[in-house]
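For reference, the chains in residue letters:
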Amino acid sequence: MPVSSPSAAADAACRPRVSFELFPPRNDAAALALGRTIDRLAEADPDFISVTFGAGGTSRGPSLTVLRYILDHTDVEPMAHLTCVGSSHADANRLVREFLDAGITSFLALRGDPPKGAVDGDDAIGDLASSAELVQLIHRVQEEREPFGQSRIPGTRASEIRDRPRPERVAVAAFPTGHPRSRFPSQDIDALLAKEVAGANLAITQLFWYADDYLGFVDRARAAGVTMDILPGIMPVTTPARLRRLAELTGVPAPSDLAIALQVEPSEAGQLEIGVDYAARLGSEVLAGGAPGLHLYTFNRHEAVLSTIDRLTVSTPTRSSLSERIEYTI
Ligand code: FAD
C-alpha cells in the first residue's frame, strides 16, 4: 500500500485552493476532449468545477451533460452557472428544480446579458431583474422541495428529506474593475452586497489583470459589510487573439505589456510560457494579499491552468479552513 511521506502531506496541505471554469462543448469531438480535460483537472483536487450556461438558456442540455459527467466520474463538486435573463418566474423555477433533481447542489447565479438593444421592461429581460433575485429563487425552490408538514406529502420521512440534494454553494459574480454598465465604483459594491443579502455565500470575480484591482475591491467590499469569500478569477491567456477577444467580452482592457509580449513571441510554446507566467505571478500576488484561493478560467484546456498552479509561489490555508467559513447566509 503506498504511503505518502510527511513532507508530501504537508505540501498538499499548503497547496493553494483552486477551482476551475469550463464551458459546454460545441460538438462531439470537443465533448470527447472535454472528458479528458475534466479527468486531468480533477487530479488537482479542486474545490469545484463550474460550467457556464448560455444567456437565454441556449446551452441548458449540454451544460447539464457536463455537470453530470463531473458528478458521475469524479469526486469534484460540479457548480452550475444559471442565467435568468429572458425567463419568466415559472421558467426559472423549473430550471432550478431540474438541476437540483439532477443532483447539482452548487450554483453560480447570474442574470446574464440581454440581447443587444433590449432595455429594462422588454420581454427579453424576463421576470427576474437581477442575479440577486435568482439567488432568492434558488433558496425558495429548495424550501418548496422540502415539505416539512407531513400532511403535504403523506408518508415522506424526515430522513428522506434530509437526503435530498440541497444548494451548498450559491455563488454570484463580482466585478473588481467595474461592471461595464457601472458609472461609479460604489455601484459594484452595492450590487455585491445585495447579492449576499439575498442569500449568496461566495463571489467569483470577473477577470482582472493587476493584483491591486482585486485587493482594493475586496477591501472596499469588506468596508461595506460584504463577508462572503471573494474568489479571484484568473486566466492564463496564451494567444494574442484570445487576449483581444477577452477584452471585448469583458470590457476589461488587456495590459499592454502582456499584449505586446504575446504578439512578438512567434512560437506556441513561448506564448504558453508568457501566459502561464503572467497568471502565476498574478495568482501568487493575490494569494499573498489574502485571497481565499484561485478560480481558474480554463478555456476547456488543462495544460495552462495546471502549469499556473505548479508555478504559484505562495502557500495558502487548507481546504477545511475555507469550508468552515462557507455557510448558508439565508
Ligand atoms: P447582475 O449583477 O444581477 O446585474 C444585472 C444587470 O444589471 C446586468 O446585466 C447589468 O445590465 C446591470 N448591472 C450589473 N452591475 C451593474 C453595476 N455595477 N452598475 C450598473 N449596472 C449594473 N454570462 C453568461 O451568459 N453565462 C455564464 O455562464 C456566465 N458566467 C459568468 C461567470 C463569472 C464569474 C462572471 C464574472 C460573469 C459571467 N457571465 C456569464 C457574464 C454575466 O452574465 C455578465 O457579466 C452580466 O452583465 C452580469 O451578470 P450578473 O449576474 O452579475 O448580473
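How each quantity is defined
Residues numbered from 1 in each chain as written. Predicted model: local features only at pLDDT ≥ 70, side-chain atom pairs only at ≥ 80, totals over all residues. Heavy atoms only, no water. Helix = DSSP H or I, 4+ residues; strand = E, 2+ residues; numbered from the N terminus. Contact = heavy atoms within 4.5 Å. Areas by Shrake-Rupley, 256 points an atom, 1.4 Å probe, with all protein chains shown as cover. Buried < 20%, exposed > 50% of the residue type's maximum accessible area, 1.4 Å probe, protein only. Polar contact = N/O pair within 3.5 Å; in protein donor to acceptor, adjacent residues only side chain to side chain. 1 Å grid on protein atoms, 1.4 Å probe; cavity = no way out; pocket = protein on both sides within 12 Å on 5 of 7 lines; lining within 4 Å. Points joined across faces, edges and corners; volume = space filled by probe spheres on them. Nonpolar A, V, L, I, M, F, W, Y, C, P; charged D, E, K, R; others polar. Core = buried A, V, L, I, M, F, W, Y, C linked by side-chain atoms within 4.5 Å. pLDDT = per-residue confidence, 0-100.

A. Main features of the overall build of the chain. Of regular secondary structure, the chain possesses 13 helices and 9 strands. Considering only intrachain contacts with a sequence separation of at least 6, the fraction spanning at least 24 residues in the chain is 79%. Accessible surface, the chain: about 16200 Å² in total, of which carbon and sulfur atoms supply 53%.

B. Region of the structure containing the side chain of His81. Within the secondary structure, His81 is located in strand 3 (residues 77–83). Taking relative accessible area as the criterion, His81 reaches 5% and is therefore assigned buried. Within polar-contact distance, the side chain of His81 engages the side chain of Ser50 at 2.8 Å.

C. The arrangement of unusual backbone geometry in detail. Here Phe299, not a glycine, exhibits a phi torsion of approximately 50°, which is positive. Note on placement: Phe299 falls in the loop between strand 9 (294–297) and helix 12 (303–310).

D. Quick look at the layout of surface pockets. Quantified by volume, the second largest pocket comes out at close to 290 Å³. Along the wall of the second largest pocket there are 15 residues; nearest its centre are Thr238, Arg242, Leu272, Arg301 and Glu303. Of all the secondary-structure elements, those providing two or more residues to the lining of the second largest pocket are helix 11 (268–288) and helix 12. Residue composition of the lining of the second largest pocket, by class: 7 nonpolar, 4 polar and 4 charged.

E. Focus on helix 12. Restricting attention to buried positions, one finds in helix 12 the residues Ala304, Val305, Leu306, Thr308 and Ile309. Buried residues in helix 12 make contact with strand 1 (18–22), helix 2 (28–42), helix 11 and strand 9.

F. Region of interest: the nonpolar core. If you look at the biggest cluster of nonpolar residues, it comprises 82 residues, and the most contacted ones within it are Phe20, Phe99, Leu134, Leu192, Ile204 and Ile230. Of the residues forming this core, the biggest block, 6 residues, is contributed by helix 5 (residues 131–144). Not counting the four nearest positions on each side in its chain, Leu134 is found in contact with Leu82, Thr83, Cys84, Val96, Ala109, Leu110 and Leu128.

G. Inspection of the confidence of the model for the chain at higher detail. With 84% of its residues at a pLDDT of 70 or more, the chain has an overall mean of 87. For residues 1–10, every residue scores under 50 in pLDDT, and the model assigns this stretch 0 contacts once sequence neighbours within four places are set aside.

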